[in-house]
Amino acid sequence: MRRTLAVALLIATTVSAQSAAPTIFGFADASKEQALESRYDAQLDRANLRTWMQRLSARPHHVGSAYGKENAEFMAGLFRSWGYETELARYDVMFPTPKTRVLELLAPETYTAKLTEPPVKEDAASQLGDMLPPYNAYSIDGDVTGELVYVNYGVPADYEVLERNGVDVRGKIAIARYGHSWRGIKPKVAAEHGAIGCIIYSDPSDDGYARGDVYPKGPYRNENGAQRGSVADMPVYPGDPTTPGVGSTANATHLDRANAQTITKIPVLPISYADALPLLRNLRGPVAPPEWRGALPITYRLGSGPAKVHLKLAFDWKLTPAYDVIARLRGSDRADEWIVRGNHHDAWVRGASDPISGLVAMLEEARSIGLLAKSGWTPRRSIVFAAWDAEEPGLLGSTEWVEDHMAELREHAAIYINSDSNGRGFLEAGGSHTLERFVSEVARDVTDPERNVSVLQRLHAFALTDATAGERKELRGESNLRLYALGSGSDYTPFLQHAGIASLNIGYGGESEGGSYHSLYDSFDHYTRFIDPTFDYGIVQAKTTGRLVLRLANADVLPFEARTLATTVGRYAKEVMDLADSMREKTEDENAMAREKTLELAADPTEPFVAPKVREAVPYLDFAPLQNAVLQLNRAAKNFDDAASPAGGAALDRAMMNLERTLTREEGLPRRPWYRHHIYAPGYYTGYGVKTLPGIREAIEQRDWKEANAQIAIAAGVIERYAKALDAAVAR
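None of the values given here were measured: they were computed from a predicted structure. (Residues numbered from 1 in each chain as written. Predicted model: local features only at pLDDT ≥ 70, side-chain atom pairs only at ≥ 80, totals over all residues. Heavy atoms only, no water.)

From N to C terminus, the chain includes 22 helices and 18 strands. What you see for the chain is a C-alpha radius of gyration of 26 Å, in line with the 27 Å of a compact globule of 732 residues. Judged by the C-alpha coordinates and their principal axes, the chain covers about 85 × 60 × 60 Å. Here the chain holds 732 residues, and 60% of them are scored as buried. (Helix = DSSP H or I, 4+ residues; strand = E, 2+ residues; numbered from the N terminus. Rg over C-alpha atoms; globule rule 2.2 N^0.38 Å. Buried < 20%, exposed > 50% of the residue type's maximum accessible area, 1.4 Å probe, protein only.)

Read from one edge to the other, the open sheet built from 7 strands follows the order β3-β2-β10-β5-β6-β7-β9, with strand pairing classed as mixed. Strands at the two margins of the open sheet, each flanked by one partner only, are β3 (111-112) and β9 (268-271). Where strand β2 (residues 97-107) lies against β3, 2 bridges are found, and the strand directions are antiparallel. If you follow Leu-105 over to β3, its bridge partner there is Tyr-111. (Pairing = 2+ DSSP bridges.)

This next bit is on empty space enclosed by the protein. Space left empty within the atom packing is revealed by a probe, the size of a water molecule, rolled over the atoms. The tally for this structure, following the rule as stated, stands at 2 cavities of 30 Å³ or more. Computed from the structure, the largest cavity encloses a volume of approximately 50 Å³. Taken together, Arg-101, Leu-115, Thr-116, Pro-134, Asn-224, Ala-226, Pro-270, Ile-271, Ser-272 and Asp-275 make up the full set of residues lining the largest cavity. Looking at the lining of the largest cavity residue by residue, the class counts come to 5 nonpolar, 3 polar and 2 charged. Considering only enclosed or pocket space, the second largest cavity measures out at about 40 Å³ in volume. Every residue along the wall of the second largest cavity is listed here: Ala-347, Trp-348, Val-349, Arg-350, Gly-351, Asp-354, His-518, Ser-519 and Asp-522. Residues of the lining of the second largest cavity, tallied by class, amount to 3 nonpolar, 3 polar and 3 charged. (1 Å grid on protein atoms, 1.4 Å probe; cavity = no way out; pocket = protein on both sides within 12 Å on 5 of 7 lines; lining within 4 Å. Points joined across faces, edges and corners; volume = space filled by probe spheres on them. Nonpolar A, V, L, I, M, F, W, Y, C, P; charged D, E, K, R; others polar.)

Residue position: Arg-676 is located in the loop between α20 (649-659) and β17 (680-682). A distance of 3.4 Å separates the side chain of Arg-676 from the side chain of Glu-666, its partner in a polar contact. In this view, Arg-676 contacts Met-406, Arg-410, Gln-497, His-498, Leu-663, Thr-664, Arg-665, Glu-666 and Gly-668; residues no more than four positions away in its chain are not counted. (Polar contact = N/O pair within 3.5 Å; in protein donor to acceptor, adjacent residues only side chain to side chain. Contact = heavy atoms within 4.5 Å.)

The biggest cluster of nonpolar side chains holds 212 residues, and the ones touching the most others in it are Tyr-150, Tyr-201, Leu-280, Ile-369, Leu-504, Phe-623 and Ile-700. Sort the elements by how many residues they give to this core and helix α22 (residues 705-731) lands first, with 11 residues. Excluding residues within four positions of it along the chain, Tyr-201 makes contact with Tyr-150, Ile-175, Ala-176, Arg-177, Tyr-178, Ile-271, Ser-272, Tyr-273, Ala-276, Leu-280, Leu-296 and Tyr-300. (Core = buried A, V, L, I, M, F, W, Y, C linked by side-chain atoms within 4.5 Å.)

Another aspect to go through is the pairing of strand β15 (residues 425-431). Buried residues dominate β15, accounting for 6 of its 7 residues. Relative to strand β16 (residues 503-510), β15 runs antiparallel, the two being bridged by 7 bridges. Considered in β16, the bridge of Phe-426 is made with Gly-509.

A complete count under the given rule lists 24 aromatic pairs for this structure. Here Tyr-215 and Tyr-521 contribute two aromatic rings whose centre-to-centre distance is 5.8 Å and whose plane-to-plane angle is 50 degrees, an arrangement assigned as tilted. Taken as a pair, Tyr-215 in the loop between α7 (204-207) and β8 (229-230) and Tyr-521 in the loop between β16 and α16 (524-531) lie far apart in primary sequence, 306 residues in all. With respect to burial, Tyr-215 and Tyr-521 carry one shared label: buried. The rings of Trp-52, Phe-79, Trp-82, Tyr-84 and Phe-385 are connected pair by pair, giving a single aromatic cluster. Between Arg-55 and the ring centre of Phe-74, over which it is positioned, the NZ or CZ distance is 4.4 Å. In this structure, Lys-188 packs its charged tip against the face of Tyr-685, placed 5.2 Å from the ring centre. (Phe/Tyr/Trp six-rings, centres within 6.5 Å; stacked < 30°, edge-to-face > 60°. Lys NZ or Arg CZ within 6 Å of the ring centre and 35° of its normal.)

In the contact formed by helix α9 (residues 352-374) and helix α17 (residues 536-554), the axes pass within 8 Å of each other and the chain directions differ by 50 degrees. One way to sum up the angle between α9 and α17 is to call them oblique. Between α9 and α17 lies a crossing of right-handed hand. Residues Ala-361, Glu-365, Ile-369 and Leu-372 of α9 pack against Gly-538, Gln-541, Ala-542, Thr-545, Gly-546, Val-549 and Leu-550 of α17. A class-by-class count of the residues in the contact of α9 with α17 yields 6 nonpolar, 4 polar and 1 charged. (Axes fitted to C-alpha atoms, helices over the stretch in contact; angles between N-to-C directions. Parallel < 35°, antiparallel > 145°, perpendicular 65-115°, else oblique. Left-handed = near helix turned anticlockwise from the far one by under 90°.)

Attention shifts here to the pattern of salt bridges. Throughout the structure, instances matching the rule amount to 46 salt bridges. A salt bridge links Glu-666 to Arg-410; the shortest N-O distance between them is 2.9 Å. Separated by 256 residues along the polypeptide, Glu-666 in the loop between α20 and β17 and Arg-410 in helix α11 (residues 406-412) bring together distant segments of the chain. Residue Glu-666 is classed as partly exposed on the basis of its relative accessible area, which comes to 48%. Relative accessible area serves as the criterion here: at 25%, Arg-410 is assigned to the partly exposed category. Salt bridges sharing common partners tie together Asp-333, Arg-334, Glu-337, Arg-380, Arg-381, Asp-556 and Asp-653. (Salt bridge = Lys/Arg side-chain N within 4 Å of Asp/Glu carboxyl O.)

We now examine the sheet that holds strand β1 (residues 85-94). One key point about sheets: their strands pair by backbone hydrogen bonds, in either a parallel or an antiparallel sense. Pairing in this open sheet of 7 strands is mixed, and the strands run β1-β11-β13-β12-β14-β16-β15 from one edge to the other. Each of the sheet's edge strands pairs with one partner strand only, and the pair in question is β1 and β15. This sheet shows a mean twist of 20 degrees between the axes of neighbouring strands, independent of strand direction. Note that strand β12 (residues 334-344) and strand β14 (residues 413-418) share 5 bridges and pair parallel. Residue Val-340 lies in a different strand from β14, and its bridge partner there is Tyr-416. Relative to the sheet, helix α10 (residues 396-404) contacts β1, β11 (319-329) and β13 (381-388), its axis offset from that of β1 by approximately 105 degrees. Packing of α20 onto the sheet brings it into contact with β12, β13 and β14, and relative to β12 it is tilted by some 40 degrees.

Right, let's get into the confidence of the model for the chain. Summary statistics for the chain give a mean pLDDT of 93 and a share of 96% for residues scoring 70 or more. Note that residues 1-19 has pLDDT below 50 and, in this model, 17 contacts with residues that lie over four places away or in other chains. (pLDDT = per-residue confidence, 0-100.)

A cis geometry characterises the amide bond from Tyr-215 onward to Pro-216, with omega recorded as 15 degrees. In this structure, the amide linkage connecting Gly-305 to the following residue, Pro-306, adopts the cis form with an omega of -5 degrees. As for its position among the elements, Pro-306 is in strand β10 (residues 303-316). You will see that Leu-115, though not glycine, has its phi angle at about 55 degrees, which is positive. The exposure class of Leu-115 is buried, given its relative accessible area of 6%. Of note, the phi angle at Asn-152 is positive, near 60 degrees, even though the residue is not glycine. As for its position among the elements, Asn-152 is in the loop between β5 (142-150) and α5 (156-164). On the basis of relative accessible area, Asn-152 is assigned to the buried category, the value being 4%.

Dropping the structure here:
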């Protein structure tokens with residue numbers, strides 16, 4: 001039934017698209033741009049993607065490795081051969097590597113964790129050494145022994161469940177499974193609840209045999225696969241933990257490690273599910289709730305104990321050179337406006353999927369644009385390609401570069417376009433909501449290789465198949481795709497949320513799942529067997545991001561529009577108001593139940609009397625300033641979009657470039673001033689996951705009513721300033 005609906009929608013939207021003459025937002029005459037894009041497409045060669053992936057992923061290439069630098073120099077040579085002015089920008093960053101990793105089960109049985117990923121004979125790359133073992137970067141050194149507590153995914157709500165079951169993690173070691181939050185949140189929350197150590201494992205229900213055949217037979221994580229990754233507290237700030245807000249150049253002053261906010265407070269180690277099984281099997285205590293149970297052949301219990309474990313970690317804390325590849329193609333009459341395009345090049349091991357799959361598509365994009373330039377075409381705006389180093393430990397390469405070049409980026413950068421891993425499936429597009437129409441038109445003009453319809457039509461049909469009746473009605477009324485809001489997790493973060501530069505994150509996925517992420521097995525063999533064997537979606541990615549770059553570089557006026565942002569901010573405002581209302585109702589219901597339970601207990605002298613907790617009532621917050629600001633924004637956005645035209649020229653461009661900046665404040669968000677954007681930010685307790693209107697939303701979630709009212713006023717002021725900037729642009 002769903003398939004039939006999807007096919008019908010595809011036919012309907014295809015007929016509709018074919019009957020309408022295509023236009024391109026930002027261009028008075030689209031024909032010249034369309035001809036250029038046809039030439040661009042004709043030059044793309046999937047063989048290059050395969051060759052480059054095989055070469056770049058041939059050896060481990062984490063930041064500071066010899067092959068990481070070789071890769072940077074190799075790519076710099078490619079960019080130079082294509083006609084770009086190219087440099088290697090070096091930053092010396094704090095990057096710890098492991099010296100000691102010990103995990104032992106001491107009681108009631110003994111077991112020493114292997115903490116290794118053995119090679120598989122079917123994958124030649126897995127036979128080679130010289131790699132970083134599984135570990136979590138920016139864990140502190142530590143030597144701790146304690147009883148074990150299973151904390152599910154280790155997010156704040158899980159600790160509420162533990163408390164209701166009488167389980168305390170103080171003085172204990174928490175074991176959490178990967179998923180449902182960014183990994184750095186797990187030790188952060190464990191430490192806040194008094195844990196002395198944290199272990200993170202991949203449960204096969206989330207990332208293993210419960211999903212399908214494991215590697216090498218299938219794509220999913222095998223019993224010995226472990227997920228490396230940073231656990232720095234990036235919701236406070238990304239980049240080098242010892243140089244917050246300052247580029248880690250040769251003369252930078254580094255904080256003492258003890259004063260670096262983003263290094264963990266307790267030791268933390270990732271392990272495989274083979275190593276996790278003996279630990280979890282020896283737990284007793286309450287049986288875990290159904291939703292906490294994974295796919296291991298055990299009864300999942302909370303503990304604590306009698307499982308007792310010893311965790312010992314030590315790291316080599318050293319400054320390591322990171323090499324960003326920066327390549328420039330100078331524009332003509334708008335050369336002082338920059339279109340910045342990036343993908344990182346470092347990996348935890350070989351990184352064929354993460355990040356090489358996205359990187360090789362960007363390289364082919366740059367090669368084809370370079371060929372256009374050699375044939376006589378010149379972009380109006382300058383194009384800057386960047387291959388970032390040290391993304392995996394915490395967005396170090398991009399963050400240090402942005403912090404180092406903040407003044408000129410705020411003066412010249414019109415937009416940043418990011419990509420990362422890429423695979424088969426559907427377009428995944430997130431970013432600043434002023435760019436929704438622009439991205440939708442690009443998606444309209446790129447054909448999906450499996451369905452032979454536009455990637456926009458395929459995405460729209462897929463969304464409709466999984467939608468409720470109410471959602472379908474809303475979706476059918478939309479001609480554009482809806483960009484998801486950006487939190488964190490890739491290199492757009494410093495551009496959008498620190499520098500206030502409109503940003504996009506673009507990739508394909510959804511039909512190429514696998515468990516190689518951050519493991520030894522993220523290899524060329526794994527990628528070409530299970531992810532995108534013929535690089536069809538690598539070429540689709542290059543067509544998509546190439547069009548984004550070309551249209552931004554060539555447009556008569558930058559293709560930004562304000563109404564979509566106004567609508568989206570209005571939706572976010574309604575969400576935070578609804579959040580306060582729902583919390584108020586829930587608190588009233590919980591308190592009524594608590595008072596009723598108190599009376600029952602008091603009436604029964606045989607029961608020990610411990611009064612249930614009664615929570616503070618949720619007050620009525622003053623949302624009037626926010627509502628008024630949204631009304632002002634809607635009016636200004638309509639006037640702006642009605643007045644904007646391709647004839648607006650450089651003055652309108654300059655106004656558009658500065659719009660995103662007005663959504664930031666130098667003071668930043670509460671307790672994390674590095675994050676300056678007041679519409680989008682990673683959640684303090686979600687990490688990668690976005691919080692929209694973050695100052696208001698998180699104050700409500702944390703039940704800080706004074707701060708919530710203060711943040712309502714601040715957000716309203718930011719939105720009003722944006723509306724005034726729109727009015728000023730119209731008046732030019």
